[in-house]
Amino acid sequence: MFLGRLAQVTLRKSVQVCPKLSRSMVTDGNTILAESLKKQGVEYVFGIVGIPVIETAMAFQMAGLKYIGMRNEQAAAYAAQAIGYLTGKPGVCLAVSGPGLLHCVGGMANAQVNAWPLLVIAGSCAEDHEGIGGFQEWPQVDSSRLYCKYVARPPSARLIPLHVEKAVRLACAGRPGAAYLDMPGTLLLSEVEEEKVPELYNAETVKLAHPDPALVTRAAELLAKAERPLVIVGKGAAYAQAENALRKLVADTGLPFLPTPMGKGVVPDTSMQCVSTARTQALLKADVILLLGARLNWMLHFGQTPRFDPKVKIIQVDISPEEFHNSVKSEVAVHSDIQPFVEALSTKLKEKKFSLSPSHAWWQALAQKQKANTEFVAAQANDVSTPLNYFAVFKAVQEAIPKDSIIVSEGANTMDIGRGLLLNDLPRHRLDAGTFGTMGVGPGFAVAAAQWCRERAPGKRVVCVEGDSAFGFSGMEIETMFRYKLPVIIIIVNNNGIYSGFDKEVMADIQSGGDPAQTTPPTALSVQVRYEKMMEMFGETGHLCRTVPEIQQAIKAAVAVTDRPSIINILINPASSRKPQAFNWLTESKL
């Protein structure tokens, strides 16, 4: 059956390119879909094939799209949205009907909440089998509406281009998000005369939204009068590619800034104006905050007390006006792309000759707090006794990896502590669990980032830093990395558990008392799992590390490998944790 279908596709192609064989050339839904995606500038497809999308993936490759076959549809959706974030054009996640599409739901929701462009295309039950128990029949269009900005099933093959254009445009326009196109098997194989397919839809590129000049003036006045101003650089600023404008603003004004996790690198983490090491103090004491492409959600403690000054004035700049005044009322709310706003604000502040001197009382207070926090972290990082703690591990990793690496990270303590110690000086070089806090995203993100590097930044490395629990969600994507020769460096920080684990002796004692299902702590994982031995499945050798010199040697060896992934398994103290916090990690509910 498979070869028969392939022969049919090949025959159709030969008919199309030889007009003497037919007065009216025909094409099919698969070909129209592939060529429509190519016309919209889509480059990458990640997915898993099966009935009815095997020929679809072939048609994609014949049209010049790059197809990367994954091991799980959810990981494919993560990869497709990561490539969308890196390129500004949504990647496609291709899935089979029913369960295949449902496996994508986690990825669709993550893209929607995380505001990354994604297009999911799934095959579905043949239309003449609907309602009578067709193979993998499921209400896929209705099921996807909750997770997407746009959902459609083209009514005919000739209208596929219309819906592809709209899906791609809506996935990117305004606040990015997910779109879904449903493709019944009958639609994909249906034939139509080429002359009846309208010219491929191709709308003009959406222009940058510029700010209201009056609001820029108000924002400049607020900042100029502030005693304790602060800039928060969000993921939206990274996606908007506003790094040049923002770096100039910070350099010219001397304003302190805080990056959100994926806002790291828009202005370098190593900049003197970065106050990440005094984050709590900066948020608590700031009297005017310039919020650029970030949301006052749980990650910024909703902008509320006790984490913020109750009288703080917020200047909120966002491409999505629906986000304005979320949780707290903004003093100035500006609907604009980040880049033109920052450029206009820089001009206004220059006119006012505004500059915050390092001797300013606000800078002095922040510097004092930075010094105290840095000393604590340094003491922890310099403690290289075994088993190692998180801080010592991340110091060793930071010193050994290439400085321009794309860092992918997920886990609980692994991600939280790593955000402070693993630095980014380039924008869009940090991919992590993000706003939705989704575990399992790491390997999919890493596959996408490595594919991006191969074609746009040869030689740049992707370092995927995983907690042992997080790695378990999508660890088999290591096979995908081998198949496509992607040199991802996977570092597993192994503490035997979720948040924290137990050492061998304690675990044995705990489980000696009866049924493991009743005695094993819910946060426990198996002790000192040898994840690096997964490399042996592919005839390679992984790295097991217990000391800092072993970490340094392993990373050096992994960096030298350019045609396959590496696994570095670092065994740490199961009781290691983050620095004591002045507040709980999540602002308490007021209910």
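Predicted model, so just to flag it, every value in this text is computed and none were measured.

Asker: Which parts of the structure should I look at to understand the packing of aromatic side chains?
Answerer: For any pair of aromatic rings, the description rests on two quantities: the centre-to-centre distance and the angle between the ring planes. Within this structure, the stated rule accounts for nine aromatic pairs. Seen from their ring centres, tyrosine 78 and phenylalanine 445 are 6.3 Å apart, and the 80 degrees between their planes marks the pair as edge-to-face. Remark: phenylalanine 445 occurs in helix H18 (residues 442–456) and tyrosine 78 occurs in helix H4 (residues 73–87); sequence separation between them is 367 residues. Residue class for tyrosine 78 comes out buried when judged on its relative accessible area of 2%. The exposure class of phenylalanine 445 is buried, given its relative accessible area of 0%. For the ring pair phenylalanine 482 and phenylalanine 538, a centre distance of 4.1 Å and an interplane angle of 15 degrees mean the geometry is stacked. Placement of phenylalanine 482 in helix H20 (residues 477–483) and of phenylalanine 538 in the loop between helix H22 (516–519) and strand E18 (543–545) is noted, with a sequence separation of 56 residues between them. Grouping aromatic residues by their ring pairs yields a cluster made of Tyr78, Tyr85, Trp116, Tyr239 and Phe445. Just above the ring of tyrosine 44 sits the side chain of lysine 66; from NZ or CZ to the centre is 5.7 Å.

Asker: Just checking my understanding: could you explain the packing of helix H10 (residues 213–225) against helix H14 (residues 338–351) for this structure?
Answerer: Packed helices, taken two at a time, are described by the angle their axes make and the gap between the axes. One can describe the packing of H10 onto H14 by two numbers: an axis separation of 9 Å at closest approach and a directional angle of 55 degrees. Relative to H14, H10 is oriented oblique. In the packing of H10 onto H14, the handedness of the crossing is right-handed. Listed contacts from H14 to Val216, Thr217, Ala219, Ala220 and Leu223 of H10 are Phe341, Ala344, Leu345, Lys348 and Leu349. Per-class residue counts for the contact of H10 with H14 are eight nonpolar, one polar and one charged.

Conventions used here
Residues numbered from 1 in each chain as written. Predicted model: local features only at pLDDT ≥ 70, side-chain atom pairs only at ≥ 80, totals over all residues. Heavy atoms only, no water. Phe/Tyr/Trp six-rings, centres within 6.5 Å; stacked < 30°, edge-to-face > 60°. Helix = DSSP H or I, 4+ residues; strand = E, 2+ residues; numbered from the N terminus. Buried < 20%, exposed > 50% of the residue type's maximum accessible area, 1.4 Å probe, protein only. Lys NZ or Arg CZ within 6 Å of the ring centre and 35° of its normal. Axes fitted to C-alpha atoms, helices over the stretch in contact; angles between N-to-C directions. Parallel < 35°, antiparallel > 145°, perpendicular 65-115°, else oblique. Left-handed = near helix turned anticlockwise from the far one by under 90°. Contact = heavy atoms within 4.5 Å. Nonpolar A, V, L, I, M, F, W, Y, C, P; charged D, E, K, R; others polar.

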